Amino acid sequence: MNKALILAGGLGKRMNSPKPKVLHEVLGKPLINWVIDAARSAGADEIGVVVGHSAQDIYPFLKDVKVFVQKEQLGTADAVKSALPFLDGRILILYADMPLIPAEILRKLFDSEADLVVLTASLSNPFGYGRVLRKNGKIEKIVEEADASDEIRSIKEVNSGVYVFNSKALLYALERIKNDNKKAEYYLTDSIEILANSDFKVETIETSDPDTVMGVNTQRELASLIRRAREMINFSLMDSGVTIEDPDTTFIGPDAKIEPGVTVKPFTFIYGKTEVSSGSTIGPYAVVLDCKIGSKSVVISSDCNGAIIGENCSIGPFSRLRPGTVIENNVKVGNYVEVKNSHLFNNVKAQHLTYLGDATIGENTNIGAGTITCNYDGVKKNQTFIGKNAFIGSNTALVAPVKVGDNAFVGAGSTITEDVPPNALALGRARQVNKEEWVKRRESDEK
Ligand code: UD1
Ligand code: CA
């Protein structure tokens, strides 16, 4: 059985942030979730996470994993010990602060037959990392930055913080690790020396892409890692056939699926589980989270969250789509239009200054400028149903719950509180009064 144990119990002191380190986001996704997903795609049968002080804050981000609590932050070996019942079979141990670790390299480590295999990397600036000491080419031990002499500090090969242990070897080492070092912590890295000096087989694999083992300890490191992650994702999308006009101002998360033939314009953020189909253009200035966008649609200067958008649609500029929005094909949602939890069928147009909440709008219906569904009565949300081929005049207030039938017309400026039958014209406004010569009369009164 292949298991993965992710250590997230540390305080993250060097971040100087009240928020737990592992909840800081890289491209819209918390550090811890990058690592959990990597372990899962590497084929770990079970995943355990060790949490510490901020356990309560981290729980909501942990799905389908076993959680262990490390009571006191006594070091990485102590963190592993707090998950003792989890330790059998082959165990991948990795730290929650290294989001770019690729699943392929984790798979390679699982495949090793050594009792302990350590992933190393050669860094031009190894500051802060544990250094790898070798004797006759074989790994001998790892020395942490704080405990290293100047000579050891000049070593460029570092411990990435990713290991696969055979559980017997791991338990053997855990029993013997002491805290006689500068930080008085129990270092998991001491297991290398302990096992190498016994009959266990200890090996290393060096990654050819050191950026992928970058850890985050400070806010500055987080920012450079975000930059690197962004480059990796944007470059790989461009290689696959996506046009990204300005990668420096384009932020795309790791779980977004963007088909070749999509154009992403500058200052755009595509996060979460968003999918965009070929021929669509997203941006400039678009923020898209957890949306599905069909082919040949355009989203300009808009904020879209949890919406499904069909083909040939035009969204924006300055539209806001909120969760539960379903927009079919050839729909136009224009400037200053907000849509929430509503279904817009084919060819609907809502082009200006409108709020559609908890509404169903039938196909070919035109929603005039300034139309508002009054969906909230102060207690609960109510539904508005508008049929197909209807025409809602400008500045209409639809007081829900209310229905407008197929082919119906609503006069501009109406407040609709009663259902409108199909094919009817509804007028819900005061009749206009013209007072002839009123201006002249006022003028003579003033004299
Ligand atoms: C660690 C390694 C170092 C390696 C580097 C790679 C040790 C002793 N050192 O150093 O060799 O080069 O990672 O990035 O392992 N944690 C706990 N409980 C604790 C302490 C830490 O769960 O008591 C967790 C942290 O949340 C973090 C991970 O372990 O996710 C690593 O801890 P951190 O303090 O960041 O270790 P580094 O100093 O970076
Ligand atoms: Ca670290």
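What you see is a predicted model; the values in this text were computed from it and never measured.

Side note on the overall build of the chain
Here comes step 1: The number of helices and strands found in the chain is 9 helices and 39 strands.
Here comes step 2: Against the 2.2 N^0.38 benchmark of 22 Å for 447 residues, the chain shows a C-alpha radius of gyration of 30 Å, more extended than a compact globule.
Here comes step 3: Referenced to the eigenvectors of the C-alpha coordinate spread, the extents of the chain come out at roughly 105 × 55 × 45 Å.
Here comes step 4: Counting only residues that meet the buried cut, the chain has 49% of its 447 residues in that class.
Here comes step 5: For the chain, the computed accessible surface area is about 21,500 Å², with 50% contributed by carbon and sulfur atoms.
Here comes step 6: Side chains of the chain carry 52 positive and 56 negative charges; the gap between the two charge centres is 3 Å.

Considering helix 1 (residues 31-41)
Here comes step 1: With 8 of its 11 residues buried, helix 1 lies for the most part within the structure.
Here comes step 2: All of the buried residues in helix 1 are Leu 31, Ile 32, Asn 33, Trp 34, Val 35, Ile 36, Ala 38 and Ala 39.

Here we look at the domain arrangement of the chain
Here comes step 1: Parsing the chain into structural domains produces domain 1 (2-213) and domain 2 (219-426).
Here comes step 2: Taking the mean C-alpha position of each, domain 1 and domain 2 sit 43 Å from one another.
Here comes step 3: Each side of the interface is counted separately: domain 1 has 16 residues, and domain 2 has 15 residues.
Here comes step 4: Both faces considered, domain 1 and domain 2 share a buried interface measuring about 1,200 Å² in area, 72% of it formed by carbon and sulfur atoms.
Here comes step 5: For the pair domain 1 and domain 2, the number of links is 2 salt bridges.
Here comes step 6: Asp 211 is the partner of Arg 228 in a salt bridge, and the nearest nitrogen-oxygen pair spans 2.3 Å.
Here comes step 7: At the boundary of domain 1 and domain 2, one finds 3 residue pairs in polar contact (both at pLDDT 80 or more).
Here comes step 8: When residues of the side of domain 1 that touches domain 2 are traced back to their parent elements, those giving at least two are strand 2 (25-26) and helix 1.

The rules behind the values
- Residues numbered from 1 in each chain as written.
- Chains lettered and ligands numbered in written order.
- Predicted model: local features only at pLDDT ≥ 70, side-chain atom pairs only at ≥ 80, totals over all residues.
- Heavy atoms only, no water.
- Helix = DSSP H or I, 4+ residues; strand = E, 2+ residues; numbered from the N terminus.
- Rg over C-alpha atoms; globule rule 2.2 N^0.38 Å.
- Buried < 20%, exposed > 50% of the residue type's maximum accessible area, 1.4 Å probe, protein only.
- Areas by Shrake-Rupley, 256 points an atom, 1.4 Å probe, with all protein chains shown as cover.
- Lys, Arg positive; Asp, Glu negative; His and termini not counted.
- Charge placed at Lys NZ, Arg CZ, Asp CG, Glu CD.
- Domains from an automatic or database assignment.
- Contact = heavy atoms within 4.5 Å.
- Buried area = accessible area lost by both parts, 1.4 Å probe.
- Salt bridge = Lys/Arg side-chain N within 4 Å of Asp/Glu carboxyl O.
- Polar contact = N/O pair within 3.5 Å; in protein donor to acceptor, adjacent residues only side chain to side chain.

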